[in-house]
2 protein chains.
Amino acid sequence: MEAPLLTRFTAFLHKEHLLRPGDSWLLAVSGGLDSVVLAHLCVLAGIEGPLVHCNFQLRGAESDRDEAFVRALAERYGRAFQVARFDTAAYAASHKVSIQVAARELRYTWFRQLLGAAPAASGAGIAAAPTTAAPSTAAPSTAAPPAAAAPAPRLTAIATAHHLDDNIETMLMNLFKGTGASGLRGMLPFQEQIVRPLLFATREELETYAAAEGLQHVEDSSNASDKYTRNFFRHKVIPLIEERYPDVRQNLAANLTRFRDLEDLYRQAVTRHVEDLLEPHGRGEWRIAVAKLEKARPLETLLFELLKPFGFSPAQAGEALALLHTTSGHFVASATHRVIRDRRFLIICAPAGQGVSQVAIEEGQTQVAFTEGVITIAMEAAPAAAAAPPAAAASLAAAGPPAAGPPAGRAHAPRASEPLALLDAARVTFPLLLRRWKAGDYFYPLGMAKKKKLARFFIDNKLSLADKEKVWVLESGGRILWVVGHRIDDRFKVTAGTTHALRLEWTQP
Amino acid sequence: MEAPLLTRFTAFLHKEHLLRPGDSWLLAVSGGLDSVVLAHLCVLAGIEGPLVHCNFQLRGAESDRDEAFVRALAERYGRAFQVARFDTAAYAASHKVSIQVAARELRYTWFRQLLGAAPAASGAGIAAAPTTAAPSTAAPSTAAPPAAAAPAPRLTAIATAHHLDDNIETMLMNLFKGTGASGLRGMLPFQEQIVRPLLFATREELETYAAAEGLQHVEDSSNASDKYTRNFFRHKVIPLIEERYPDVRQNLAANLTRFRDLEDLYRQAVTRHVEDLLEPHGRGEWRIAVAKLEKARPLETLLFELLKPFGFSPAQAGEALALLHTTSGHFVASATHRVIRDRRFLIICAPAGQGVSQVAIEEGQTQVAFTEGVITIAMEAAPAAAAAPPAAAASLAAAGPPAAGPPAGRAHAPRASEPLALLDAARVTFPLLLRRWKAGDYFYPLGMAKKKKLARFFIDNKLSLADKEKVWVLESGGRILWVVGHRIDDRFKVTAGTTHALRLEWTQP
């Protein structure tokens, strides 16, 4: 017999490294069955965090009824409650997007604002979204079991109620739209700042649980963003396929597990080829030996993976493949780079006389090239050595200004001295932007509680004019998370509460 | 504008290394539209080979009408014609399988008999299947362009008319039944003894071509084996999905190309891990260091790939994973091996006191372990150095008996001296059987035109009793293709006509 849902829930959290002691989550609750079960399980498991609700104001009184329902649920559980009321229709009109896309954008932008505004401690200082109602903090806990000597909880992620059937539908959507290794494995339990702790459970299991626990729920409106498509799979595609393949749900669920490993091994092989084939060759230039490339298999996919970090699309990579059968001097251009056929090499470089000044980095991308070198990107689960215990981190953040001058214990570094950056992945939102620094830029240097202008930071660190011209920064959601090669931002540092670290390593040309 | 179908057809043959000068194919023609187009294109491209037709006798007069149609087509094209009439219903009843499975088994068994009975030259010596009608050789060619100084054509494969839509359907079937990397990429253009030269074209393109060329066809009955399922996808599933994803056919076709590369890279990564983790440790024993294994990612899939060559199923590999958390002495058994938890190792060996005497090798399997070592299996496209030009091979086959004694130029090898075997993949049918040799075994030693008993071969090669006890043979369709470590069979050797070689390498423990 299957173990109770709560047991499987906590086992899943453990297996996927989703939660550390002291973590708390924003619990995204629409009021629909899935999110009501999510909230119930989180409360029973003692996971702290406010209930947050989006009122898209698309269904009049019904939308307000849902909001009131979730507010009441938060009160019953003794949780803080946050709601944002959006003029979704106006947003869709002004941004020229569909209602579905508008709802999705509004929802995740607000969630990330909530997370971003809660840097170390919980609750306090929630930023108001354009049309957010005032946060209503509710009565003390009635249902949550007491946490053992709880430290101040840290908001580390948004928890959403996506379940196994959702993930099967996502995989099928990707498949039918055309996909590769990463689309096949669907949503991951941890991705950017989102945790999906119900990804192990089927819709039916959640329904059974809700019935057994007597949980009330309302019509789910927050899923408006993709409800139409999901219902198409739920009510039409899957039942049709079940006529001939009765076990199709279980089979697709088993596929998802295999496809996740499949992508992992695919990435391993690609990384190995890229390391073997892509040779840095002085400032802002890379070379691929044609003779070596022609022996590599599978050639087409590998050339695409080699060129992707330089901004080449699959179609452009296809054109670059044709360069193998042309003479020296032919080239293919992306927005930021050219790949030029030379006698024995494909040479990758920025177009002559035109310095590239910014590059976007997508989630899952493992390398990015820019004029100052290559940054290798990797995700690591739960690093063993966290930077500081949470209490220390909190007190440090509140300790006040060392202000000007590098912090004690740090040598004056005239040039790039930190090729490696470890960041708390839960705080990082993709796509990242890698760009040249500019006047007016500021960040919170690691170890400081106050922001500092980059221009000032460079003076304090005695950078020469030439050095300064070479400085790039890595941005996430408009905030600098790393002054590449110099210092990470304190708000993104790895702490004892970090479940996944983003590891960035800069190799100079 | 798309190039004419014939141009794309020959380009596809070239790109996929499907054909060498002098090759001929058995052209499997049901009389349906797809196979009529296949025959037409092969004739125009000057590809030699008889038309072969299966009469499953399932639809009375209609079945006979189809047979007559294909016979007339062969005459018009000046091709030989072969037909087999099967009592499909009786076969299904006596073998307790469905009509679909019966038709498939009868069809491919007969095709392989036809291929196997035509070792070097074409046409002559076609073996009669149980109910085969006599081969009817037809009038000289009228439509085929003259082949330039054609050598005697060699039958290298069966050509079937599977097209892109078939392959999309196959991929979806695999997906819904549950699959891994190899199921996702569907059928390959070359697999075992089958070539699929229409895999690049859509059903619609074939229909357009047939209409433009004024090609007649009949109802397709040879596809009875999977027609019901294919029609389910063709008429129900795909049209439903097209309601929301109008480009789904093109998207799935592009997926197939990507998934083929995905599998390739997956295999590369798996092979690397297996080579790193699996240590031979004396006769019939392998070890996997637990500390090393625990660091490998993704653990579950890798452990399955490690154990698969030893006969472990995915479920048994899952049980073996649990051995990592048990104490010494616990074990999991497959049909042929045990994996035993030792303090620092997982030890893989044959059960005590019970010598394993045979192991099946599935297509796509890259390694097989047996008591005498490990055989690594790889497919190589069009090896540069073929053993002999076709004329020489043919004359050698007809040259008569060197009979007893090793051929000139071959040293007396008292022990295994040939760890490497290169075979013509087109002649090899999976699954292979690796087994101990037994009294009565015979084969055609490389370079000899006559068969020889293994017992005699061992005497001639001065094997000791102890040596003989260690000899294993590799079988394909009941015929020995390699006396492992000693000699390959002449019928399976690589010739100038070989498009793909099966490379087998034996590593002794």
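Residues numbered from 1 in each chain as written. Chains lettered and ligands numbered in written order. Predicted model: local features only at pLDDT ≥ 70, side-chain atom pairs only at ≥ 80, totals over all residues. Heavy atoms only, no water.

**Student:** Requested: an account of the relation of the copies chain B and chain A, with residues and values cited.
**Tutor:** Once chain B is rotated about the relating axis by 180° and shifted along it by 0.0 Å, it coincides with chain A to within an RMSD of 0.1 Å. The relationship between the two copies is best expressed as a two-fold rotation axis. In this assembly the copies share their binding face: 100% of the residues contributing to the interface of chain B also contribute to that of chain A. (Least-squares fit on C-alpha atoms with pLDDT ≥ 70 in both. Contact = heavy atoms within 4.5 Å.)

**Student:** Outline the confidence of the model for chain A, supporting the account with residue identities and numerical values.
**Tutor:** All names here are of chain A. For chain A, per-residue confidence averages 83 on the pLDDT scale, and residues scoring 70 or more make up 83% of the total. Contacts for the low-pLDDT stretch residues 119-150, under 50 throughout, to residues beyond four places or in other chains number 48 contacts. Throughout residues 384-415 the model reports pLDDT below 50, and contacts reaching past four residues in sequence, or to other chains, amount to 46 contacts. (pLDDT = per-residue confidence, 0-100.)

**Student:** So what about the packing of helix α6 (residues 164-177) of chain A against helix α6 (residues 164-177) of chain B? Which residues, and what values?
**Tutor:** Across the interface, α6 of chain A lies against α6 of chain B with an axial gap of 14 Å and an inter-helix angle of 170°. Of the possible angle classes, the one that applies to α6 of chain A and α6 of chain B is roughly antiparallel. Side by side, α6 of chain A and α6 of chain B meet where Met 171, Leu 172, Leu 175 and Phe 176 of chain A of the first sit next to Met 171, Leu 172, Leu 175 and Phe 176 of chain B of the second. (Axes fitted to C-alpha atoms, helices over the stretch in contact; angles between N-to-C directions. Helix = DSSP H or I, 4+ residues; strand = E, 2+ residues; numbered from the N terminus. Parallel < 35°, antiparallel > 145°, perpendicular 65-115°, else oblique.)

**Student:** Quick one: what's the story with the environment of Thr 160 of chain B, residue by residue and with numbers?
**Tutor:** Residues and elements named next belong to chain B. Here Thr 160 is to be found in the loop between β4 (154-159) and α6. It is 9.7 Å that separates the C-alpha atoms of Thr 160 and Ser 30, two residues lying 130 residues apart in sequence. In this structure the side chain of Thr 160 is engaged in a polar contact, spanning 2.9 Å, whose partner is the side chain of His 162. (Polar contact = N/O pair within 3.5 Å; in protein donor to acceptor, adjacent residues only side chain to side chain.)

**Student:** Run through the nonpolar core, naming residues and quoting values.
**Tutor:** It is characteristic of soluble globular proteins that their nonpolar side chains tend to be buried jointly. With 103 residues, the main nonpolar core has Leu 172 and Phe 176 of chain A together with Leu 172 and Phe 176 of chain B as its most contacted residues. Excluding residues that lie within four positions of it along the chain, Leu 172 of chain A makes contacts with Phe 233, Ile 238 and Leu 252 of chain A together with Leu 175 and Phe 176 of chain B. (Core = buried A, V, L, I, M, F, W, Y, C linked by side-chain atoms within 4.5 Å. Buried < 20%, exposed > 50% of the residue type's maximum accessible area, 1.4 Å probe, protein only.)

**Student:** Break down helix α9 (residues 227-244) of chain A for me, with residues and values.
**Tutor:** Given a rise of 1.5 Å per residue, 18 residues ought to cover 26 Å, and the 26 Å separating the end C-alpha atoms of α9 of chain A matches this to within 8%. The axis of α9 of chain A is deflected most strongly, by about 35°, at Phe 233 of chain A. Buried within α9 of chain A we find Thr 229, Arg 230, Phe 232, Phe 233, Val 237, Ile 238, Leu 240 and Ile 241 of chain A. Those residues of α9 of chain A that are buried are in contact with α6 and α10 (248-277) of chain A together with α6 and α9 (227-244) of chain B. (Expected span 1.5 Å × (residues − 1). Bend = angle between axes of the 7 residues up to and from the residue.)

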